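Next come the chains, spelled out residue by residue.
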Amino acid sequence: MLFALVDRRLAAKYPFVGITTQIISGINVDATMLISSDVFENSRRRGIQRLEDSINNSEVSCVPLASEYELLTEMCSYLYARIVISCIDNKFLTRRYALSESVRMKKLIEREDGDVVRYIAETLNVNTAFDGRRLRMYFTDYLRLSSRIKSKDWKLVNTEVRGGYVYLGEDKFSRLLQNALQDKIESELPLEIPEEYMYSIREDITYVENLFRSVTGKFNSQFPATLRDLCLPPCIKALLINAQNGVNLSHSGRFALVSFLHAVGMDSNQILKLFSKSPDFDELKSLYQIKHITGELNGTDGYNPPECSTMRTNGICYSPDDFCNNKKINHPIMYYRKKLAVEDRGQKIPVD
């Protein structure tokens, strides 16, 4: 490891690195002091701010890190946020928090030099190296971290691979490290928190729980009565399940889902509710994107849903069934209408 680079400033900017707990332990700070001592009140406030940022913006904000006190406050705030979120133990909130910390890290490392980037990658157990000034990542790590990104640009066949390493631009490399950090945080939480600790910080726990409910509680993600979910094609059903289970969808996945739901009669607000459980859900941004796809922003009928061949190309054709394998079915909308006709006992519904 490049221990010479790991100082308090680096640990404050990237508090998930192992040296952070060593630094805090080295100055005799423990969890009891963190949750109860007046000395760490600002650390607790900043820890709550990390969670507020996650809930409201899906990205943890950056703060000034000039003094030794500010560096220590930032390190301890990360630990406190993890304690509070472990006490709440809500799977969706944990995913949203993990995403928010990883988005912050991505923006920071894009301004770092190569040695720091390599250290962060090593901390996240990602095998990486430089070839001159070019970043490269071992192909197994690349496959592991890019598997959730369904765009064809990320397929291994569309990358430069030499000697088992995938050569990447800075943006793609930092995007994969973002996934690595998100996975790391999700795998580590929840922590086991003693009951006496939970009692001591119950006001902060209640505050975060109420904030979380206020932001997400106004959305009812149930299917509208007009949508016959039993007739949905497997691809759309899988995208809906992922969205409602807090799994981030690729750009092509979101486009396919929104355009399909619009085509079968759902309005923008109904579609928005179905996206409300996504870890990176932002009401204003999501509604803008939905209205762009549905045509509400420019007074058109919106975009047509992609056909089956496009879904396959984009890697979002999931578990095709017998209906899908019918050569006459070449579009998710056609599948839906055919299934409706079957369910309605032979009612004629046009499929062209």
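Cut-offs applied
Residues numbered from 1 in each chain as written. Predicted model: local features only at pLDDT ≥ 70, side-chain atom pairs only at ≥ 80, totals over all residues. Heavy atoms only, no water. pLDDT = per-residue confidence, 0-100. Contact = heavy atoms within 4.5 Å. Salt bridge = Lys/Arg side-chain N within 4 Å of Asp/Glu carboxyl O. Helix = DSSP H or I, 4+ residues; strand = E, 2+ residues; numbered from the N terminus. Buried < 20%, exposed > 50% of the residue type's maximum accessible area, 1.4 Å probe, protein only. Expected span 1.5 Å × (residues − 1). Arc of directions from axis to C-beta. Pairing = 2+ DSSP bridges.

Quick look at the confidence of the model for the chain now. Overall, the prediction assigns the chain a mean pLDDT of 88, with 92% of residues at 70 or greater. Counting interchain partners and residues more than four positions distant, the pLDDT-below-50 stretch residues 1-6 has 9 contacts.

Attention now moves to the pattern of salt bridges. Inspection of the entire model under this criterion finds 15 salt bridges. Residues Glu188 and Lys184 are paired through a salt bridge, measuring 2.7 Å at the closest nitrogen-oxygen approach. Highlighted residues: Glu188 and Lys184, both in helix H9 (residues 170-188), separated by 4 residues, approximately one helical turn. Judged by relative accessible area, which is 27%, Glu188 ranks as partly exposed.

Before going further, it helps to examine helix H18 (residues 332-343). The end-to-end C-alpha distance of H18 is 16 Å, a good match for the 16 Å that 12 residues give at a rise of 1.5 Å each. Residues Pro332, Ile333, Met334, Tyr335, Tyr336, Lys339, Leu340 and Ala341 constitute the buried set of H18. If you follow the buried residues of H18, they end up packed against helix H12 (234-244), helix H13 (251-263), helix H16 (308-313) and helix H17 (322-325).

Its 15 residues place the ends of helix H11 (residues 202-216) 21 Å apart at the C-alpha level, agreeing with the 21 Å of an ideal helix rising 1.5 Å per residue. Of the positions making up H11, those classed as buried are Ile205, Val208, Leu211 and Phe212. Here the buried residues of H11 occupy an arc of 135 degrees about the axis, which is enough to place them on one side. Among the exposed residues of H11, those oriented more than 90 degrees off its buried face are Glu203 and Arg213. Its buried side turned inward, H11 meets helix H4 (41-57), helix H5 (68-88), helix H6 (91-109) and helix H10 (195-200).

Across the two faces of strand S2 (residues 134-138) the burial differs, with Leu135 and Met137 buried and Arg134, Arg136 and Tyr138 not buried at all. Where strand S1 (residues 128-131) meets S2, 4 bridges bridge the pair, whose relative direction is antiparallel. Residue pairing for S2: Asp131 is matched across the bridge by Arg134. In this antiparallel pair of consecutive strands, S1 and S2, the connection spans 2 residues, and Gly132 shows a positive phi of 70 degrees. In this sheet, strand S4 (residues 165-168) lies alongside S2 in antiparallel orientation, the contact comprising 4 bridges. Across the sheet, the residue bridging to Met137 is Val166, located in S4.

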